[in-house]
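These are the residues of each chain, in order.
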Amino acid sequence: MKQILPLFLFFLTVFVNAQTKVSGVVLDESGEPVAFANVLFKNSTEGTITNDNGRFYLESDNNHELLVISFIGYENLEIALGSRVNYDMDITLVEAAEQLNEVVLVSGKQSKKNNPAVDILRKIWAKKRVNGVRKFKQYAFDKYEKVEFDLNTIDSALMKRKIFKGLEFVFQDLDTSRITGKTYLPIFLNETFSKVYGDNVLNEEKEEVLGNKNSGFESNQAIIAFVQDLYQSYDIYDNYLKFFDKSFTSPLSRTGIDTYNYALRDSAFIENKWCYNIVYYPRRKNELTFKGDFWVNDSTWAIKNINLEVTKSANINWVKEIYIEQDFDVVNDSLFLLKRDYMLSDFSFQKKEESRGVYGKRTTVYDNYKFDQLKPKDFYRKDLNPLDINLIVKDDDFWEKNRLESLNKDEAGIYKLLDTLKTVPKFKSYYNLASILGSGYIEIDKWNLDVGTIYDFFGYNDAEGPRARIGARTYFGQNDPWRIEGYTAYGFTDRKFKHGISGKFLLDRKTRLIVSGGNRRDIEQLGVSLTATNDVLGRSVASSSLLTVGANNRLTNINLSALRFEMEPITNFRISLGGTFRTLSSALPNDFSLDYIDVESQTGISSEIRQFDFNTLLIYTPGKKTIGYGVELRDVNDTYSTLLLNYTKGLDGLLDSDFKYSKLQLSYSQPWQLGGFGRLMSTVELGKTFGEVPLGLLSVVPGNQTFFSNYGSFPNLDFYEFVTDTYASVHLEHNFNGRLFSRIPFLRKLNLREIVGLRGVWGDLSDANIALSAPATVNTPLRAPSEKIYYEYSFGVGNIFKIFRIDFNFRGNYLDNPDARPFGVTGTFGFNF
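Below is a short write-up of the structure. (Residues numbered from 1 in each chain as written. Predicted model: local features only at pLDDT ≥ 70, side-chain atom pairs only at ≥ 80, totals over all residues. Heavy atoms only, no water.)

### Quick notes on the sheet that holds strand β3 (residues 47–49)
Strand order in the open sheet formed by 4 strands is β3-β2-β5-β6, with antiparallel pairing between adjacent strands. Two strands lie at the open edges of the sheet, namely β3 and β6 (77–80), each paired on one side alone. This sheet shows a mean twist of 20° between the axes of neighbouring strands, independent of strand direction. Of the strand pairs in this sheet, strand β5 (residues 66–70) and β6 are connected by 4 bridges, and their pairing is antiparallel. Paired with I69 across the strands is L77, a residue of β6. (Pairing = 2+ DSSP bridges. Helix = DSSP H or I, 4+ residues; strand = E, 2+ residues; numbered from the N terminus. Axes fitted to C-alpha atoms, helices over the stretch in contact; angles between N-to-C directions.)

### Focus: the sheet that holds strand β4 (residues 55–60)
Paired through backbone hydrogen bonds, the strands of a sheet run either parallel or antiparallel to each other. In spatial order, the strands read β4-β1-β7; together these 3 strands make up an open sheet with mixed pairing. The strands lining the two open edges of the sheet, one partner per strand, are β4 and β7 (85–92). Ignoring strand direction, the axes of neighbouring strands in this sheet form an average angle of 20°. With 6 bridges connecting them, strand β1 (residues 20–27) and β7 associate as parallel partners. What sits directly across from K21, in β7, is V85.

### Details of the environment of K312
By secondary structure assignment, the location of K312 is in the loop between β17 (303–310) and β18 (319–332). Looking at K312, the relative accessible area reads 8%, which means it is buried. (Buried < 20%, exposed > 50% of the residue type's maximum accessible area, 1.4 Å probe, protein only.)

### Describing the nonpolar core
By size, the foremost hydrophobic cluster in this structure holds 64 residues, and its most contacted members are I124, F290, F294 and I303. Discounting residues that sit within four places of it in the chain, I124 has contacts with Y237, L252, F294, V296, W301 and I303. L584, L594, Y596 and V723 belong to the second largest nonpolar core, which has 22 residues in total. (Core = buried A, V, L, I, M, F, W, Y, C linked by side-chain atoms within 4.5 Å. Contact = heavy atoms within 4.5 Å.)

### Section: the pattern of salt bridges
The final tally for this structure, using the stated rule, is 33 salt bridges. Taking the shortest distance from any N to any O, the salt bridge between R122 and D119 comes out at 3.6 Å. Separated by 3 residues within a single helix, R122 and D119 lie in helix α3 (residues 116–127), roughly one turn from each other. Look at R122 and you get partly exposed, because its relative accessible area is 38%. D119 gets classed as partly exposed once you look at its relative accessible area, which sits at 39%. Its salt-bridge partner being D522, residue R467 comes within 2.9 Å of it at the nearest N-O pair. Here R467, found in strand β24 (residues 465–474), pairs with D522, found in strand β27 (residues 513–524); they are 55 residues apart in sequence, far enough to count as distant. The same class applies to R467 and to D522, which are both buried. Through salt bridges with shared partners, a single ionic network connects E464, R467, D494, K498 and D522. (Salt bridge = Lys/Arg side-chain N within 4 Å of Asp/Glu carboxyl O.)

What follows is the structure, encoded as structure tokens:
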């Protein structure tokens, strides 16, 4: 997702049905905006709530002559609508005389006690586990989903820009959003039809995608994966709803009464069911909350209809609006089932009313519910990743039969519009530029080749000095069954060329049997990860960092050849078997030594390690979703855990290999979404080396001498400061997503985010291994954190200017080590929601 976000933000920089439409701003007598005021068409259930700035937009398919504005502490106001369209209305509310002294009422705060809306909310909590499909042991239904992206806030000034010269035809027949009232231009549409099966006893669910149709960017799975990641499923009855990597408190949450104000606004018959209408809005600003209203039945306490709109003050980047509405169908007296789910997101650089952006709209329609049809457990465990959507592209006849909701005029026109745009050279140029920024590769279609990445072109280290690198890869399409890539680099100080080449071939699509291999000869900063796998072309940031703390001179010449077989017999469970042959030597012998005692050498000391290893790697990633079916898949989500088991067997004698040993490593990483308290990332690593090996084959506690924050490393450790053959480490990092800063008035508007970290490692190093590497200890003393656990803690501030993060890192102990760094500052940048 993070790779595609710069591409998506690039598009932000370049770019009939309702009978009654109204918009405007609601102010008090002093001219201040009234947030969360009620706006309704009189004698109807159609309404909305003003946003943080007092603004609103409302439209209806029916004709209405009166608009009612109300808010606690103010006199109700009725406004006659002189025409069907009434934009930019200025509305002033007058304080109610009898409530002038009621400070709580004037501020809009609602009592938790003796509040009929809160009493209703408690009844919803009591019933929510037996509403909808939860009432049955098994369930199944049809699901139709369409996702659309539109350029919005189209005006004459935008149309006249030079960037759109020659593309004026796209602005014909523009429509306005029924949610915001802004004009928009459709640019992307994706349709999916699937069948969903679930078992509440087994707590399993499976979705079989039967058809997919895509317009605009059907060959770009990066965008498709981005769309899938943005619009993941949610349940309004859950305590927290996750959007854009953030957890928003649901208005139906059990913690809702501490987060929202609730007020009972109305009651009416809806489809012959008596329902109550409850309005809710946040108690505090800058938290991840909604405003809106919902209708709830008075006997089942099931939701009939709900609207959710994210408040503009919510601490989220690049998103100006999020609007959700869900409708539930009344099946019988006790059963309400989700019928339609609509979500609109307005992506924009700014949250100002007039700022332009991109609408992301998802509509999901549900039908043909069936219940209590038992299926075996294995049915749910097979083919858990239904996102190989390019395999199931269907024709128009399929969609005529299976669309659960017809396309409107604008949606139907997207396919034709995008087919036309693809023939326009100027549009193709814009698209290619965006692709380069997103992927880092420059496409050369004539040769089916990508050149890049552009982000790796320049680097620096003490051995090579300034370094230039250029790479390329074969590229026929997103789902290539094979791919070859390579690079060459040149160091201007050592005056040497380096290279790397790798190939991957998909032999069997069903089991994802892949054979890969290659060779790399380069200079590398080893020991930056405990459980590093031998990726032929892998290279750490520390190997080419322009700025470092202290001397970045503990670098290694590496000549690595590898051959590997990999397969995925069960979804998200990978098995990898392979062999590697490495030659290791110091790149700066005067500053850093890999020498070890070698009785067979004429001098008794060897400076080069030649090593052949067999390797078995098991990786289990439950919950991981991918897209594509080629040799390289693209991840859709990042909410899955990772369990890794790595066994390495070193052989001596084979290809003149030097050492016989075994190494066992285990790693478990788990992201924890802790509701409104943010997200915790945790990693535990264990490792043990059996046998005697020199420094180049030991487990180095990963230090970090760069100024970049790097999860999994210890920023106050120098490279090779601690070396082990037995270790256990823990990394914890929690992002509060601004929950604490939002309560500090002078920090609230900055939308900063607080991050805390704690990491520790214990390790040991045998006397035999210390003795074996005795020649290297002249300039690289070998020590392990065996006396006590080495630990660090950090405090970070994120979302600085929306892209920067700074971490303040503190060393907890081992301060008597030579050149120990008790404090350090690292940082990073990126486009994150």
